[in-house]
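What the coordinates show
Here are the chains, one letter per residue:
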Amino acid sequence: MTSGAPRVTPIVSDSPGSFAWGVWNQRHPVLIKQIRDAYPYPPAAHEALEALLAESIAGDIQKLPSDVHDFAMWEQWCDDQYGRPWAQAPFLWAESYFYRRVLEAVGYFRPGPLRGVDTFAPFKQAELATPLVETELTALDALAGLGLSDQRHAVLTASLWGNRADLGFRITAKGPDHGAPEADLIVDDSATAWVILDDAPSAVVHLVADNAGRELLADLVLIDHLLTTGAAVQVVLHVKPQPYYVSDANGSDVVDVTRRIAAAPGDAADIGHRLWAALTDGTLQLRTHAFWCAPLPFDRMPTDLVMELSKATLTILKGDLNYRKLVGDCTWPATTPFGELTSYFPSPVAALRTLKSDVAVGIGLAELEQLDASGAQWRTDGTHALIQVRK
Ligand SMILES: O=P(O)(O)OC[C@@]1(O)O[C@H](CO)[C@@H](O)[C@@H]1O
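Residues numbered from 1 in each chain as written. Predicted model: local features only at pLDDT ≥ 70, side-chain atom pairs only at ≥ 80, totals over all residues. Heavy atoms only, no water.

1. Things to note about helix 10 (residues 213–228)
As a reminder of what qualifies: A run of H or I in DSSP becomes a helix once it reaches four residues, and a run of E becomes a strand once it reaches two; helices and strands are each numbered from the N terminus. Here the expected span of a helix is defined as 1.5 Å times the quantity of residues minus one. Only protein chains enter the calculation, and the probe is 1.4 Å; a residue is then buried if its accessible area is under 20% of its type maximum, exposed if over 50%, and partly exposed in between.
Across its 16 residues, helix 10 extends 22 Å between first and last C-alpha, which sits within 8% of the 22 Å expected from 1.5 Å per residue. Among the 16 residues that make up helix 10, 15 are buried, leaving the element largely enclosed by the rest of the structure. Taken from the residues just after helix 10, G230 is the one with a positive phi, measuring 80°.

2. Observations concerning the pattern of salt bridges
To keep things clear, this is the line we draw: We define a salt bridge as a contact between a side-chain nitrogen of Lys or Arg and a carboxyl oxygen of Asp or Glu at a distance within 4 Å.
Tallied over the entire structure, the rule returns 23 salt bridges. With a closest N to O distance of 2.9 Å, R324 and E95 form a salt bridge. Placement of the pair is R324 in helix 14 (residues 319–327) and E95 in helix 4 (residues 91–105), with a sequence separation of 229 residues. By relative accessible area, R324 is classed as buried at 3%. Using a relative accessible area of 4% as the deciding quantity, one classes E95 as buried. A salt bridge links R110 to E104; the shortest N-O distance between them is 2.8 Å. You can call R110 partly exposed: its relative accessible area is 29%. Here the salt bridges do not stand alone but share partners, grouping D67, D70, R100, E104 and R110 into one network.

3. Looking at the domain arrangement of the chain
Cut-off, in case you're wondering: Where each domain begins and ends follows an automated or database-derived domain assignment. Buried area adds together the accessible area that both of two parts lose upon being put together, with accessible area traced by a 1.4 Å probe. Nitrogen and oxygen atoms within 3.5 Å of one another constitute a polar contact, given that in protein one can donate a hydrogen and the other can accept it, and given that sequence-neighbouring residues count only through two side-chain atoms. The residue classification treats Ala, Val, Leu, Ile, Met, Phe, Trp, Tyr, Cys and Pro as nonpolar and Asp, Glu, Lys and Arg as charged. All others, Gly included, are polar.
Entries for the chain in the domain assignment read domain 1 (19–105) and domain 2 (121–390). Inter-centroid distance (C-alpha atoms) of domain 1 to domain 2 is 26 Å. Between domain 1 and domain 2 the total buried area reaches about 2100 Å² when both faces are included, carbon and sulfur atoms providing 68% of it. Seen at the junction of domain 1 and domain 2, the total is 2 salt bridges. Between R300 and D79 there is a salt bridge whose closest N-O contact spans 2.8 Å. On the surface where domain 1 and domain 2 come into contact, there are 5 residue pairs in polar contact (both at pLDDT 80 or more). Among the elements of the structure, helix 1 (19–38), helix 3 (71–77) and helix 4 are those that each provide at least two residues to the side of domain 1 that touches domain 2. In terms of residue class, the side of domain 1 that touches domain 2 is built from 14 nonpolar, 3 polar and 4 charged.

Structural data, given as structure tokens:
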């Protein structure tokens, strides 16, 4: 290596007090308790969850049982991590594997009455039932009265800040989970995103979803806006194939949230019914892929997904984890150009992300110095956000 160049390494979790360390040592003990309380699991599941927690905090990474349906896939994805201490494995790899092991502990894929029952559904359902959802749905009545550029701003920023409502993050987050006065958009490339869409005669947008509940609600409103204004002729919505990172959206969440929007009074009902019709006629297509739960960055996307996304006029990636997978979960200097790190991505790409982990790139030096001097935990506390676009 040439002298003087900063050494960029994958983020790991072995440094007490670091954000990643806190996820294992502070967030996960609470999460495991919440999972144990969420369903009347049999004793073996409780024991397996506690054993997983202990292993992941102080032990070495054990393999999945060899009879699981995705064993071979994990052999391909394992990147030589089995047998290493969890804390020394890349944070990105270890967290995804942890969620797969949670599903194993509760028997999600095993024959039995709770087979296929979403481990995190009670949390997602509770969030959809909060009064905030009512308020957000009522606020949609004001949308139609706005001019196009104000509508665009409203739907895009709602989708962006909806990402604060992630339920894994809320376990240890201190601030409010909705529009906060201290909220700050560090980079706003949204104009570029609209130019990409306006310049395309028949734009097809792919949106890679993050969380269910209020974030997905805002994403669906954005999708309806794209379709009704003609900014896109088709939207493809990608969701996770299985429970993941607590509140990540899967197919049934899309149905639940669309129903919730359609059941609301006022303009929300029209949006909900339009979304339902779009899902039915294929204007809005719902897709999933095993790779969305892989412990790998997107530059290792399989060919079929590359082919699919290469047809997109624009791919919108939602949330913190998709951002980590997009740019690589590494100790990049925050001034590293976003376009440089995402040049491999098969289509123009827009990342809409509130900052909830250490990775940040594409930030101007002056802005960065100001943020660092503020003394705030701006990289991890969810108060700041990025809209970054690469044409
Ligand atoms: O992708 P999301 O839902 O925006 O965020 C996922 C997240 O809560 O999980 C990780 C820690 O567990 C962090 O990267 C991030 O805060």
